[in-house]
Amino acid sequence: GADRLHRTLEQLLLLARVEGSLSFDDGVNCSAEQVAQLAIHDTAYTGRDRIHLHVPENLPTTALAVPSVLAIAALRNLLDNALRHTPAETQVELTLQLKGEGIAFTVRDHGPGIAPDTLQHMTQRFWRNSNSNGCGLGLAIVQAIVERCGCELSFDSQPDGLRVELSMPLQVATV
């Protein structure tokens, strides 16, 4: 119970910071693959070994134009949700791909999927699927990061699981 309360408080504080005017620019620039590796390392569940990372050989090593702490937090929350809603013996897939001027992170779980009429509620604070044991803040934080950093978030629920795509812009090379 104490661990759950601690995690909920951490999520509330992060949401308040993201929605506030605090700067997250700490001078640390991470590529998409680095963000993926760090997010996998930071997942709250012992199922890190269940996450299968797909990185194409031609993926640019250019840094993301999103503060690394926010990029990692957003992806970690998506991975935590996927692990929570996928059977314990099943893999969660994380695929990176170049998409326009940015990188798309696609998280695919193998859970029951989400009813189409509830997809619109998933990023609302404290909204939880009836069979979820989360606190209902993870996707609200992802949505706040998306809005703050010019990212894109989409959900595609299929009978064989949910696919969530988080697209982040790359830094523009200065000459």
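These numbers come from a predicted model, not from an experiment.

1. Considering the sheet that holds strand E3 (residues 102-108)
- Read from one edge to the other, the open sheet built from five strands follows the order E1-E2-E3-E5-E4, with strand pairing classed as mixed. Every interior strand has two partners, whereas the edge strands, strand E1 (51-54) and strand E4 (152-158), have only one. Direction aside, the axes of adjacent strands within the sheet are offset by 20° on average.
- Sheet contacts for helix H2 (residues 32-42): E1, strand E2 (92-99) and E3; angle to E2, the most-contacted strand, approximately 160°.
- Contacts between helix H4 (residues 138-149) and the sheet are confined to E4 and strand E5 (161-169), with E4 contributing the most and set at about 140° to the helix.

2. Things to note about helix H3 (residues 68-84)
- Between its terminal C-alpha atoms H3 stretches 24 Å, which fits the 24 Å expected from 17 residues at 1.5 Å a residue.
- Most of H3 sits inside the fold, with 15 of its 17 residues counted as buried.

3. Considerations on the packing of H2 against H3
- It is at 8 Å that the axes of H2 and H3 come closest, and there the two elements cross at 55°. Between H2 and H3, the interaxial angle falls into the category oblique. Crossing of H2 against H3: the hand is right-handed. Packed against H2, whose contacting residues are Val 35, Ala 36, Leu 38, Ala 39, Ile 40 and Asp 42, the element H3 presents Ala 71, Ile 72, Leu 75, Arg 76 and Leu 79 at the interface.

Basis of the calculations
Residues numbered from 1 in each chain as written. Predicted model: local features only at pLDDT ≥ 70, side-chain atom pairs only at ≥ 80, totals over all residues. Heavy atoms only, no water. Pairing = 2+ DSSP bridges. Helix = DSSP H or I, 4+ residues; strand = E, 2+ residues; numbered from the N terminus. Axes fitted to C-alpha atoms, helices over the stretch in contact; angles between N-to-C directions. Contact = heavy atoms within 4.5 Å. Expected span 1.5 Å × (residues − 1). Buried < 20%, exposed > 50% of the residue type's maximum accessible area, 1.4 Å probe, protein only. Parallel < 35°, antiparallel > 145°, perpendicular 65-115°, else oblique. Left-handed = near helix turned anticlockwise from the far one by under 90°.

This is a description of form; function is not addressed.
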